[in-house]
Amino acid sequence: MSWVTKTLKSTLGRKLIMALTGLFLILFLTGHLAGNIQLFFNDGGQAFNIYAKFMTSNPIVKLLSYLTYISVMGHVAYSIMLGQLNKAARPIGYAQSGASTNSTWASRNMGILGTVILVFLAGHMYSFWYQMHWGGIPTVMYGTEEYKDLYTVVQLAFQQTWMVALYVIAMGFLGFHLSHGFSSAFQSLGLNHVKYSPAIKAIGNLYCIVVPALFAAMPLYIYFTS
Ligand code: HEM
């Protein structure tokens, strides 16, 4: 067995993959948020539709998209494999007494939180990503160029109460997942240092509130203004 295979099969190697894919997904989320902020512009969706076309046609962005899909699949697959290794190493499990004082609720429920986010993601990709790529969505003209009107698809989706509620609740799960995942990723990469760890923790605490809150604000904004 080569050292690469050995590392990827070890607990440490699997944690490393979880951390690297997790950090890449945090970068994706930040970019996705910045792009979707254009839904707040009062321009009838022009900036958002131009951005959406760029995101599906630019070759560098396409490469980043493939990396995102690989990261999602790798993050999920390795979380399952890591769970199996942990179970095999400790079939009886730890005594539960004092669990809540030694660890946060989120850290003990990362699997459940992640599963809910995965189910959300499947629905989310069908509602928007699938429609953008393969759905028969209307088009608009800006100047002489034709654009798919993804803005209207998003507007129609977020006029449904159940959809808005689902997104807001899912963003709560995302916030809890990030509240442990952010700093945990740095720790798995060995980047914990007396000097930097408090700053990483503080940035993580801010990130896990601000980013899901801004995502949740999008369906709420559309619902209450359209
Ligand atoms: C209310 C908040 C959100 C809105 C309005 C939104 C909107 C969109 C839209 C319109 C697309 C299709 C764009 C395209 O195919 O180029 C998309 C794709 C996607 N979204 Fe979201 N999104 C939101 C939140 C999220 C969250 C929280 C996640 C992750 C947990 C996420 C993950 C993705 C992924 C992975 C894709 C596919 C990206 C790609 O193909 O590169 N989105 N989103």
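Provided above is the structure to which this section pertains.
Residues numbered from 1 in each chain as written. Predicted model: local features only at pLDDT ≥ 70, side-chain atom pairs only at ≥ 80, totals over all residues.

Caption draft 1: The overall build of the protein, seen in detail. When helices and strands are counted, the protein shows ten helices and two strands. The linear arrangement of helices and strands in the protein, starting from the amino end, is α-α-α-α-α-α-α-β-β-α-α-α. Taking the principal axes of the C-alpha coordinates as reference, the protein spans close to 60 × 40 × 35 Å. Evaluated residue by residue, the protein yields a buried proportion of 20% over its 226 residues. For the protein, contacts bridging at least 24 residues in sequence account for 76% of all contacts bridging at least 6. (Helix = DSSP H or I, 4+ residues; strand = E, 2+ residues; numbered from the N terminus. Buried ≥ 20, exposed ≤ 12 C-beta atoms within 10 Å, placed from the backbone. Contact = placed C-beta atoms within 7 Å.)

Caption draft 2: Up close: the environment of Phe-24. The residue Phe-24 is located in helix α2 (residues 11-36) in this model. Owing to 19 C-beta atoms within 10 Å, Phe-24 belongs among the partly exposed residues under this scheme. Setting aside residues no more than four positions away along its own chain, Phe-24 makes contact with Leu-67 and Ser-71.

Caption draft 3: Quick look at the nonpolar core. In terms of nonpolar packing, the biggest core is built from 27 residues, with Ile-117, Leu-150, Ala-170, Met-171, Phe-173 and Leu-174 touching the most fellow members. Listed by contribution, the elements that provide at least two residues to this core are α2, α3 (46-57), α7 (110-134), α8 (150-157), α9 (161-188) and α10 (197-225). (Core = buried A, V, L, I, M, F, W, Y, C linked by C-beta atoms within 7 Å.)

Caption draft 4: Up close: the site of the ligand. Close to the ligand lie 22 residues; Ser-65, Phe-128, Met-132, Phe-215 and Met-218 are nearest. Breaking the shell around the ligand down by element, the ones donating at least two residues are α2, α3, α4 (59-89), α7, α8, α9 and α10. Of the residues contributing to the shell around the ligand, the split by class is 16 nonpolar, six polar and no charged. (Near = placed C-beta within 6 Å. Nonpolar A, V, L, I, M, F, W, Y, C, P; charged D, E, K, R; others polar.)

Caption draft 5: Structural context of the packing of α7 against α8. At a minimum axis distance of 10 Å, the contact between α7 and α8 shows a crossing angle of 155°. Regarding the angle of α7 to α8, the classification is roughly antiparallel. As for how α7 packs across α8, the hand of that crossing is right-handed. Only Leu-150, Val-153, Val-154 and Ala-157 of α8 make contact with α7, whose side of the interface consists of Ser-127, Phe-128, Gln-131 and Met-132. Of the residues assigned to the contact of α7 with α8, the class counts are six nonpolar, two polar and no charged. (Axes fitted to C-alpha atoms, helices over the stretch in contact; angles between N-to-C directions. Parallel < 35°, antiparallel > 145°, perpendicular 65-115°, else oblique. Left-handed = near helix turned anticlockwise from the far one by under 90°.)

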